[in-house]
Amino acid sequence: MKKYRRHEEIVRLVQEKGTIRIAELVEIFDITDMTARRDLSELEERGLLTKIHGGARSNNAFALKESSHQEKHDKNIAEKSEIAKKAAALIEDGDTIFLGPGTTVELLATEIQNTVLSVVTNCYPVFKHLYEKKTETFKVYLLGGEMRQVTESFVGEITNTILEKMKFSKMFFSGNGVKEGEVMTSSFAEAFTQQMALRNSLEKYLLIDTTKIGKEDFTTFCQLGELTAVITDSFRPEQLQKIRDFTEVIS
């Protein structure tokens, strides 16, 4: 098991059980005592648990119940629609773009009007909208792999092996929270795939509504300062200064 996935499972176990002992981690993950202790130290540094004698306990740093794609679908529709239209205006004929998972990105997929475009995505709901537009000059690619049912997106070794070889002129992606210059999501596996796409993209646009500014989630996967711009809505202008100090904002 990859380290990022083991860390994700450790935190979920601690949240479910309240406490966990090093001996349990050694048995569950077939790791050494030293590796278990190192994992707990790293997770404590992230604020995700608290080490105790012989193990760790939950500190309730985050509510780790992640809303599904369908549960998020009807939330903040006006904000997401505004963001999607702004993002679509940045796409040019001839671009090769990557679209990450998320309901705001799904709305972007419906807004795209270009006729000469190559689009790659690892999110099945996004792909379904794009496939309806497919022509000889509008090419659509869905990355396969292991599907996360919560977000209906593909992650893991197969996804990442294919993605590693691809290059994009633009990437449009979302997140579950932005705080102090960090962009966060709920899954190490999904974060890793997003990071790989970010590294392979020339321009990087975060699509996030203003309700998520100031919120935290399970893991950080990029910094605002690494991005071309944040595309957000105009509904809560008082929130924008929290991100303007780090990157350009399109609102």
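Under an unreviewed UniProt entry, the name given to the chain is Lactose phosphotransferase system repressor, and the organism recorded is Streptococcus ovuberis. On record in UniProt, under Function (unreviewed entry), the comment for the chain is "Repressor of the lactose catabolism operon. Galactose-6-phosphate is the inducer."

We now examine the side chain of Gln194. Residue placement: Gln194 occurs in helix α9 (residues 188-199). By relative accessible area, which is 6% here, Gln194 ends up buried.

The sites that UniProt annotates as "domain: HTH deoR-type" (unreviewed entry) are residues 3-58. Overall, residues 3-58 shows 64% helix and 16% strand. The separation of its end C-alpha atoms is 20 Å.

The backbone of Glu152 sits at a positive phi, close to 55°, despite the residue not being glycine. Within the secondary structure layout, Glu152 lies in the loop between β7 (146-148) and β8 (153-155).

This part covers the pattern of salt bridges. Counting across every chain of the model gives 14 salt bridges. Notably, a salt bridge pairs Lys2 with Glu157, separated by 3.7 Å at the nearest N-O pair. Here the residue Lys2 occupies a position in the segment before α1 (3-17), and Glu157 occupies one in helix α8 (residues 157-163), the gap between them amounting to 155 residues. Between Arg236 and Glu79 there is a salt bridge, with its nearest N and O atoms 2.9 Å apart. Taken together, the residues Arg236 in the loop between β14 (229-231) and α10 (241-244) and Glu79 in helix α5 (residues 77-88) connect sequence positions 157 residues apart. Relative accessible area serves as the criterion here: at 23%, Arg236 is assigned to the partly exposed category. One network of salt bridges, with partners in common, ties together Glu79, Asp233 and Arg236.

As a further point, take the domain arrangement of the chain. One frequently used descriptor of interface size is the decrease in accessible area upon assembly of the parts. The domains assigned to the chain are domain 1 (3-58) and domain 2 (69-249). Each of domain 1 and domain 2 has a C-alpha centre, and these two points are 31 Å apart. Taken together, the contact between domain 1 and domain 2 spans eight residues of the former and 11 residues of the latter. A combined buried area of about 830 Å² lies between domain 1 and domain 2, and 56% of that area is made up of carbon and sulfur atoms. Interface area lost by domain 1 to domain 2 is led by Tyr4, Arg5 and Glu8, which between them contribute 61%. Across the domain 1-domain 2 interface, the total number found is one salt bridge. Its salt-bridge partner being Arg5, residue Glu146 comes within 3.1 Å of it at the nearest N-O pair. The residue inventory of the side of domain 1 that touches domain 2, partitioned by class, reads three nonpolar, one polar and four charged.

About the criteria used
Residues numbered from 1 in each chain as written. Predicted model: local features only at pLDDT ≥ 70, side-chain atom pairs only at ≥ 80, totals over all residues. Heavy atoms only, no water. UniProt positions renumbered as here; feature names shortened; annotations may be inferred. Helix = DSSP H or I, 4+ residues; strand = E, 2+ residues; numbered from the N terminus. Buried < 20%, exposed > 50% of the residue type's maximum accessible area, 1.4 Å probe, protein only. Salt bridge = Lys/Arg side-chain N within 4 Å of Asp/Glu carboxyl O. Domains from an automatic or database assignment. Contact = heavy atoms within 4.5 Å. Buried area = accessible area lost by both parts, 1.4 Å probe. Nonpolar A, V, L, I, M, F, W, Y, C, P; charged D, E, K, R; others polar.

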